[in-house]
Amino acid sequence: GAGVSQSPSNKVTEKGKDVELRCDPISGHTALYWYRQSLGQGLEFLIYFQGNSAPDKSGLPSDRFSAERTGGSVSTLTIQRTQQEDSAVYLCASSLSSGRPDTQYFGPGTRLTVL
Amino acid sequence: AQSVAQPEDQVNVAEGNPLTVKCTYSVSGNPYLFWYVQYPNRGLQFLLKYITGDNLVKGSYGFEAEFNKSQTSFHLKKPSALVSDSALYFCAVRDWGEGNNRLAFGKGNQVVVIP
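Given the structure is predicted, the values throughout are model-derived calculations rather than measurements.

Caption draft 1: Representation of the overall build of chain A within the structure. In terms of regular secondary structure, chain A is built from zero helices and ten strands. Listing every helix and strand of chain A by position from the N terminus yields β-β-β-β-β-β-β-β-β-β. A globule of 115 residues ought to have a C-alpha radius of gyration of about 13 Å, and chain A, at 13 Å, matches this closely. Along the first, second and third principal axes, the C-alpha set of chain A runs to 40 × 30 × 25 Å. Across the 115 residues in chain A, those meeting the buried criterion constitute 52%. The contacts in chain A between residues at least 6 apart in sequence include a share of 56% that link residues at least 24 apart. Accessible surface, chain A: about 5500 Å² in total, of which carbon and sulfur atoms supply 45%. The averaged location of the 11 negative side-chain charges in chain A is 2 Å from the averaged location of its 11 positive side-chain charges.

Caption draft 2: Spatial organisation of the overall build of chain B. Per the secondary structure count, chain B includes zero helices and twelve strands. Secondary structure elements of chain B, listed N to C terminal, follow the sequence β-β-β-β-β-β-β-β-β-β-β-β. Relative to a compact globule of 115 residues, whose C-alpha radius of gyration would be 13 Å, chain B shows 14 Å and is just as compact. Judged by the C-alpha coordinates and their principal axes, chain B covers about 45 × 30 × 20 Å. When the 115 residues of chain B are sorted by exposure, 46% land in the buried category. Taking the intrachain contacts of chain B between residues at least 6 apart in sequence as the baseline, contacts between residues at least 24 apart amount to 58%. Here chain B has roughly 5400 Å² of accessible surface; of this, 49% comes from carbon and sulfur atoms. Computed over 10 positive and 9 negative side-chain charges, the separation of the two mean positions in chain B equals 5 Å.

Caption draft 3: Layout of the packing of aromatic side chains. Enumeration over the complete set of coordinates arrives at 16 aromatic pairs over all chains. Seen in terms of ring centroids, Y50 of chain B and F67 of chain B are 4.1 Å apart; in terms of plane orientation they differ by 20°. Their pairing is stacked. Of the two residues, Y50 of chain B is situated in strand β6 (residues 44-50) and F67 of chain B in strand β8 (residues 64-68); the sequence distance between them amounts to 17 residues. The exposure classification of Y50 of chain B matches that of F67 of chain B, with both residues buried. Taken together, the aromatic side chains of Y33, Y35, F45, Y48, Y105 and F106 of chain A together with F34, Y36, F46, F90 and F105 of chain B make up a single cluster linked through ring pairs.

Caption draft 4: Broad picture of the layout of surface pockets. The computed volume of the largest pocket comes to approximately 630 Å³. Secondary-structure elements contributing two or more residues to the lining of the largest pocket are β4 (31-38), β5 (42-50), β8 (88-95) and β10 (110-114) of chain A together with β10 (87-95) and β12 (109-114) of chain B. When residues of the lining of the largest pocket are assigned to their parent elements, the largest contribution, four residues, is made by β10 of chain A. Counted by class, the lining of the largest pocket contains twelve nonpolar, 14 polar and four charged residues.

Caption draft 5: Representation of unusual backbone geometry. For the bond running from S7 of chain A to P8 of chain A, omega is -10°, close enough to zero to count as cis. Here P8 of chain A is to be found in the loop between β1 (5-7) and β2 (10-13). Backbone geometry places R81 of chain A, a non-glycine residue, at a positive phi of 50°. Residue placement: R81 of chain A occurs in the loop between β7 (75-79) and β8. The exposure class assigned to R81 of chain A is partly exposed, which follows from its relative accessible area of 41%. Even without a glycine there, the phi angle at Y61 of chain B is positive, about 60°. As for its position among the elements, Y61 of chain B is in the loop between β7 (56-58) and β8.

About the criteria used
- Residues numbered from 1 in each chain as written.
- Chains lettered and ligands numbered in written order.
- Predicted model: local features only at pLDDT ≥ 70, side-chain atom pairs only at ≥ 80, totals over all residues.
- Heavy atoms only, no water.
- Helix = DSSP H or I, 4+ residues; strand = E, 2+ residues; numbered from the N terminus.
- Rg over C-alpha atoms; globule rule 2.2 N^0.38 Å.
- Buried < 20%, exposed > 50% of the residue type's maximum accessible area, 1.4 Å probe, protein only.
- Contact = heavy atoms within 4.5 Å.
- Areas by Shrake-Rupley, 256 points an atom, 1.4 Å probe, with all protein chains shown as cover.
- Lys, Arg positive; Asp, Glu negative; His and termini not counted.
- Charge placed at Lys NZ, Arg CZ, Asp CG, Glu CD.
- Phe/Tyr/Trp six-rings, centres within 6.5 Å; stacked < 30°, edge-to-face > 60°.
- 1 Å grid on protein atoms, 1.4 Å probe; cavity = no way out; pocket = protein on both sides within 12 Å on 5 of 7 lines; lining within 4 Å.
- Points joined across faces, edges and corners; volume = space filled by probe spheres on them.
- Nonpolar A, V, L, I, M, F, W, Y, C, P; charged D, E, K, R; others polar.

Remember, this is a structural readout, not a statement about activity or role.
What follows is the structure in structure tokens.
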């Protein structure tokens, strides 16, 4: 079946602009995660959604970052007033649920470059 | 807090030789442990996981890993490496007792299989 998809695959933006990154999880997966992969920081957790529960936002690095998940499916990660340190690969993952140690399956990522 | 250490930056191995990628973890409770592989410009691909039961876990592409509770390790192994195994390998842990669902990743190990 189809895996996790993300768009765009690459995004180049100017400092100060807002960007939106999209994630389409595997059909039937109720849990969705965003991570950031950067050279200096490795893989960092950003935010987690499970069904209709309030998201776990504890990994968001600043209030410029926000995410939403509409209809329990597609998610959008928004970065406002982008800074050069936001340049990274943003990875989305989904899993069947969060109540068990389900495997997280990752999308191909969006490479964000802030000039 | 949960954390993972992958002590080596790069692992070089000749094709046909055994491959080992090391991982140690730290959790306050019991661990769920995962290995992922990342090929250039791709997302993370799931290889295998340890939840409970048999300490030796077999996964995709001939990889296996052994959970050692006393040494808090979860080393990844393959009896005979292929050139196509050259990639970035990530170990990840989730703590049973933490109540969160994020994975904590190691910094990754670059594996180079020499023909």
